[in-house]
Amino acid sequence: MWGEVAVVGMLLAGSALGAESKCAGNRVERKGSTEYTVRRAGEAISIERLGNTRGRVIQQASGHSIEVDGDTVATIQDGHIYRAGARWASLNEAQRVYDCPDPIAATLWVLERLGR
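Before going into details, it helps to say that this report is about the structure given with it. Being a predicted model, the structure only gives us computed values, none of them experimental.

As for the state of the cysteines
Right, so step 1: Taken as a whole, this structure holds one disulfide when the rule is applied.
Right, so step 2: Shown here is the disulfide that connects Cys23 with Cys100, its sulfur atoms set 2.1 Å apart. Its torsion about the S-S bond being 105°, the disulfide of Cys23 and Cys100 is classed as right-handed. With Cys23 in strand β1 (residues 21-24) and Cys100 in the loop between β10 (98-99) and α3 (102-113), the pair connects residues that are 77 residues apart, well separated along the chain.
Right, so step 3: When its relative accessible area of 24% is taken as the criterion, Cys23 is described as partly exposed.
Right, so step 4: Exposure remark for Cys100: the relative accessible area of 6% places this residue in the buried category.

Brief notes about the packing of aromatic side chains
Right, so step 1: Throughout the structure, instances matching the rule amount to one aromatic pair.
Right, so step 2: A ring pair is formed by Trp88 and Trp109, whose centres lie 5.2 Å apart and whose planes are at 80°; its orientation type is edge-to-face. Highlighted residues: Trp88 in strand β9 (residues 86-90) and Trp109 in helix α3, separated in sequence by 21 residues.
Right, so step 3: Judged by its relative accessible area of 24%, Trp88 is partly exposed.
Right, so step 4: Arg49 extends its terminal NZ or CZ atom over the ring of Tyr36, reaching a point 5.3 Å from the ring centre.
Right, so step 5: Taking the ring centre of Trp88 as reference, the NZ or CZ of Arg83 above it sits at 4.9 Å.

Some remarks on the side chain of Thr107
Right, so step 1: For Thr107, the location among the structural elements is in helix α3.
Right, so step 2: Classification of Thr107 as buried rests on a relative accessible area of 0%.
Right, so step 3: One polar contact links the side chain of Thr107 to the main-chain carbonyl oxygen of Pro103, over a distance of 2.7 Å.
Right, so step 4: What Thr107 contacts, discounting residues up to four positions off in sequence, is Ile47, Gly55, Arg56, Val57 and Ile66.

Procedures and definitions
Residues numbered from 1 in each chain as written. Predicted model: local features only at pLDDT ≥ 70, side-chain atom pairs only at ≥ 80, totals over all residues. Heavy atoms only, no water. Disulfide = S-S within 2.5 Å. Helix = DSSP H or I, 4+ residues; strand = E, 2+ residues; numbered from the N terminus. Buried < 20%, exposed > 50% of the residue type's maximum accessible area, 1.4 Å probe, protein only. Phe/Tyr/Trp six-rings, centres within 6.5 Å; stacked < 30°, edge-to-face > 60°. Lys NZ or Arg CZ within 6 Å of the ring centre and 35° of its normal. Polar contact = N/O pair within 3.5 Å; in protein donor to acceptor, adjacent residues only side chain to side chain. Contact = heavy atoms within 4.5 Å.

If you want it as structure tokens, here you go:
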């Protein structure tokens, strides 16, 4: 019985521990190297790489919108990422890869899926 409890505990804790990247202050690090920089301005969070903005997430009344090159490519609502109105992924899926706050993890996940 205790072995089963330990395995369940490891599985629950493993999502953040197994993340490929993690937020550290205003940086997103992968294997100890800065991969992205996070900039906050009002209701918007910009994700930058090598000095160029790759994407932005903007807080709205009903959730967040994720923009790439000025176009809204996805939205975040009720714990899910939507693209063109269809469920694309859950925030949990994004946080398994990026151990960051919800809107940042979702934006990074979208950028990765779009090859940005």
